[in-house]
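Below, each chain spelled out in residue letters.
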Amino acid sequence: MARHDPHIYPGQYVTCVHNPDRALCRRDDGGDAPSLPDCQPLRCRNVALSIENTGHLRAALDSHDQELAQADRLAPFVRHRLQARRQELADFLAETVGTDPDTVTENP
């Protein structure tokens, strides 16, 4: 902390506690701030989750479930990408929150 005071960037789905040494969103211009278009929240070690962030991620998971309930109306590629994205979110929540999001019925 003495060498790298964290810069906190709150967001809807994650909160970034930016440490440039471990960031996946390095800027090409050498700046210290994160490159938000290059954010990889499901893989980055700079991610912190608030209760609100977790709620938004679970809502996104529910939204994916609703879309997948009508999977027969989706093109195969779109359905596959949506299923993959849904699984990434479920795995991320299970790993970071410590509960299986498929068994949680209420948002925090």
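Residues numbered from 1 in each chain as written. Predicted model: local features only at pLDDT ≥ 70, side-chain atom pairs only at ≥ 80, totals over all residues. Heavy atoms only, no water.

Novice: Please clarify how the pattern of salt bridges should be interpreted in this entry.
Specialist: Think of it this way: side chains of opposite charge can pair up when their charged atoms draw near. Summed over all chains, the structure comprises three salt bridges. Asp65 is paired through a salt bridge with Arg86; the nearest N and O atoms lie 2.5 Å apart. In this pair, Asp65 is assigned in helix α1 (residues 51–68) and Arg86 in helix α2 (residues 76–97), connecting sequence segments 21 residues apart. (Salt bridge = Lys/Arg side-chain N within 4 Å of Asp/Glu carboxyl O. Helix = DSSP H or I, 4+ residues; strand = E, 2+ residues; numbered from the N terminus.)

Novice: Quick question: what am I supposed to make of the packing of α1 against α2 here?
Specialist: For any two helices packed against each other, one specifies the crossing angle of their axes together with the interaxial distance. Look at α1 against α2: their axes get within 10 Å of each other, and the N-to-C directions meet at 150 degrees. Compared by their axis directions, α1 and α2 come out roughly antiparallel. Crossing of α1 against α2: the hand is left-handed. Residues Thr54, Leu57, Arg58, Ala60, Leu61, His64, Asp65, Glu67 and Leu68 of α1 form the contact with α2, whose own contacting residues are Arg79, Leu82, Gln83, Arg85, Arg86, Leu89, Ala90, Phe92, Leu93 and Val97. Classifying every residue of the contact of α1 with α2 by side-chain character gives ten nonpolar, three polar and six charged. (Axes fitted to C-alpha atoms, helices over the stretch in contact; angles between N-to-C directions. Parallel < 35°, antiparallel > 145°, perpendicular 65-115°, else oblique. Left-handed = near helix turned anticlockwise from the far one by under 90°. Contact = heavy atoms within 4.5 Å. Nonpolar A, V, L, I, M, F, W, Y, C, P; charged D, E, K, R; others polar.)

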